[in-house]
Amino acid sequence: MRKGESAGLCPATGNKDRTVVLEPRNQTGSTRTIILRRKRARIAVTGSVVSSHPATVDALLSSALLWFRRTAERIKPPHVEQLWLIVSDELVKPTLYRISLFRESLKEVIKVFSVDEDLTTLQPIKCPERKELWSKRLARFPPIPPATVTEQTVAIIAEAPYAIDIVHSRHGETLRFFGLPFARVRSLLGVERVWFGIEGAHRRMLDDTTEGEWRNLLNDLQEHRSADALDHRHALYSSAAESWLESLLRHDITKLDPGLIIAPLHAQFRTARGGKLGIRPIDMLALRRDGRLVVIELKVAEDREHVFQGADYWRRVEAHRRRGHIAKAKLFGDREISGDSPLVYLVAPTLRVHPSFSTLARCIASDIEIYRFDINEDWRRGVRVMRRMRVN
């Protein structure tokens with residue numbers, strides 16, 4: 001649509017014609033942006049033009065807020081006073097949940113609309129107050145059974161105790177070499193069996209006929225998935241980098257914060273089963289000695305959505321904390337859970353923090369305590385915190 005043309009898409013209760021101009025004129029990607037002109041103000045409008053999965057909501061919001069800020073700063077009067085977000089039905093709930101965590105001055109300028117199937121009418125959607133989120137029904141966590149380690153697992157860990165850790169599940173144990181899954185131990189008819197192989201490759205059962213392949217895999221992991229590896233392009237070195245960082249912190253989380261208890265520590269923790277809202281696991285859920293829960297989100301490369309992911313994880317953990325689910329499930333044994341809301345630790349190497357990090361962090365309400373942890377670039381040789389700061 002060119003400058004001066006009228007827009008047919010409009011709110012159900014508003015005027016049917018607006019003068020609009022695209023920003024910029026030749027746009028690509030999955031979203032579109034327009035400026036609605038009024039006599040004394042302008043409105044920034046953005047929305048997705050393709051079908052979107054709920055997991056994309058952080059990317060949509062990050063892009064929208066950064067565009068809104070740039071546009072508001074450079075455009076001459078009349079000023080841009082509102083941001084309208086046009087979202088599909090799948091994105092309505094996750095969008096509203098995140099906006100409820102924004103600071104009040106920002107929430108006041110954002111309006112959310114759903115669009116009908118004919119793409120002709122917008123329906124305004126009211127953003128819930130934060131207290132409304134805590135009143136929604138929420139399934140409890142099942143009690144955490146005590147972790148048991150099989151004899152086979154103990155023997156494998158002994159091969160490289162500095163590098164191998166365990167992820168427990170109902171079906172057995174997954175063994176990881178600096179975060180990279182390479183073996184699974186399962187019990188079949190009372191007999192322990194080991195399957196080995198890197199994710200995506202053909203897995204083999206460990207027996208006398210595959211002992212040589214097993215040894216080759218362990219040797220390759222020790223050579224290439226190491227801080228001293230010569231070939232940094234090798235798949236065993238470059239794969240699952242965030243999981244590598246997670247595994248180092250699982251061995252000693254106090255390297256990040258001396259106030260955190262070492263165990264129990266929950267990695268890839270799910271607050272709910274995945275589904276319509278694109279629920280992803282939290283990198284790490286920890287507990288401080290003072291009883292405060294800590295949500296830890298790790299990145300090893302620039303990621304614009306880092307802040308909003310951490311804030312959404314805070315919302316989910318806080319909802320369970322308020323209902324007493326975390327204490328009742330004894331996620332941290334008999335330790336007392338504080339009545340204060342969780343802390344959020346966003347961790348990334350110093351030179352791998354996204355340039356928009358600070359701008360997006362200031363969108364989050366100040367009562368949600370978010371901290372940025374800059375770690376050393378050579379974290380594979382050992383994690384060191386270079387700087388810690390409150391970001392909102």
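What counts as what
- Residues numbered from 1 in each chain as written.
- Predicted model: local features only at pLDDT ≥ 70, side-chain atom pairs only at ≥ 80, totals over all residues.
- Heavy atoms only, no water.
- Core = buried A, V, L, I, M, F, W, Y, C linked by side-chain atoms within 4.5 Å.
- Buried < 20%, exposed > 50% of the residue type's maximum accessible area, 1.4 Å probe, protein only.
- Helix = DSSP H or I, 4+ residues; strand = E, 2+ residues; numbered from the N terminus.
- Contact = heavy atoms within 4.5 Å.
- Salt bridge = Lys/Arg side-chain N within 4 Å of Asp/Glu carboxyl O.
- Pairing = 2+ DSSP bridges.
- Right-handed = clockwise from strand over helix to strand, strands pointing away.
- Polar contact = N/O pair within 3.5 Å; in protein donor to acceptor, adjacent residues only side chain to side chain.
- Axes fitted to C-alpha atoms, helices over the stretch in contact; angles between N-to-C directions.
- Phe/Tyr/Trp six-rings, centres within 6.5 Å; stacked < 30°, edge-to-face > 60°.

Draft legend 1. View of the nonpolar core. F182, I296 and Y345 are the most contacted members of the largest nonpolar core, which totals 45 residues. In terms of residue count, the dominant contributor to this core is helix 8 (residues 241–251) (five residues). Not counting the four nearest positions on each side in its chain, Y345 is found in contact with L256, D257, L260, R288, V294, V295, I296, E297, Y371, F373 and R388. Core analysis: the next-biggest nonpolar cluster, separate from the first, contains 44 residues, I35, L60, F308 and A311 among them.

Draft legend 2. Expanded view of the pattern of salt bridges. Under the definition given, this model contains 30 salt bridges. K126 serves as the salt-bridge partner of E132, at 3.9 Å between the closest nitrogen and oxygen. Close ionic contact of R315 with D312 constitutes a salt bridge, the shortest N to O distance being 2.9 Å. Separated by three residues within a single helix, R315 and D312 lie in helix 9 (residues 306–323), roughly one turn from each other. Each member of the pair R315 and D312 is classed as buried. Among the charged side chains, a network of salt bridges with common partners joins D58, R98, R280, D312, R315 and R316.

Draft legend 3. Layout of the pairing of strand 5 (residues 80–87). Burial runs high along strand 5: six of the eight residues are buried. In this structure, strand 4 (residues 42–48) lies alongside strand 5, joined through six bridges in parallel fashion. Following the sheet pairing, A44 is matched in strand 5 by L83. Handedness of the crossover is the feature at issue here: the chain leaves strand 4, passes through helix 1 (residues 57–74), returns alongside strand 5, and the resulting connection is right-handed. Pairing of strand 5 with strand 6 (residues 110–115) involves five bridges; the strand directions are parallel. In the sheet register, L85 faces strand 6, and the bridge partner there is V112.

Draft legend 4. Structural detail: the side chain of T95. Secondary-structure assignment places T95 in helix 2 (residues 89–99). A polar contact of 2.6 Å, which involves the side chain of T95, links it to the backbone oxygen of L91. For T95, the residues in contact, after removing those within four places along its chain, are V57, L61, L85, V87 and V112.

Draft legend 5. The arrangement of the sheet that holds strand 13 (residues 266–269) in detail. In spatial order, the strands read 13-14-15-16-17-18; together these six strands make up an open sheet with mixed pairing. Every other strand in the sheet has two partners, leaving strand 13 and strand 18 (385–390) as the edge strands with one partner each. Taking the axes of each pair of neighbouring strands and ignoring which way they run, one obtains an average angle of 25° across the sheet.

Draft legend 6. Region of interest: the packing of aromatic side chains. The tally for this structure, following the rule as stated, stands at 13 aromatic pairs. Between the aromatic rings of F177 and F178, the centroid separation amounts to 5.5 Å while the plane-to-plane angle is 85°, which identifies the pairing as edge-to-face. Taking the relative accessible area as the measure of exposure, F177 reaches 1% and is therefore buried. Ring centres 6.3 Å apart and planes at 80° place the aromatic pair F177 and F182 in the edge-to-face group.

Draft legend 7. Representation of the environment of T271 within the structure. If you trace the backbone, T271 turns up in the loop between strand 13 and strand 14 (282–287). Of the residues examined, T271 reaches a relative accessible area of 5% and is grouped as buried. Taking the C-alpha atoms as reference points, T271 and I326, separated by 55 residues in sequence, lie 9.9 Å from one another. Polar contacts involving the side chain of T271 include one to the side chain of R316, which spans 2.7 Å.

Draft legend 8. Up close: the sheet that holds strand 9 (residues 172–177). Strand order in the open sheet formed by five strands is 8-9-10-11-12, and the pairing between neighbours is antiparallel. Two strands close off the open sheet at either side, each with one partner strand: strand 8 (164–169) and strand 12 (204–205). As paired strands, strand 9 and strand 10 (residues 180–188) are joined by five bridges and run antiparallel to one another. Counterpart to R176 in the pairing with strand 10 is P181.

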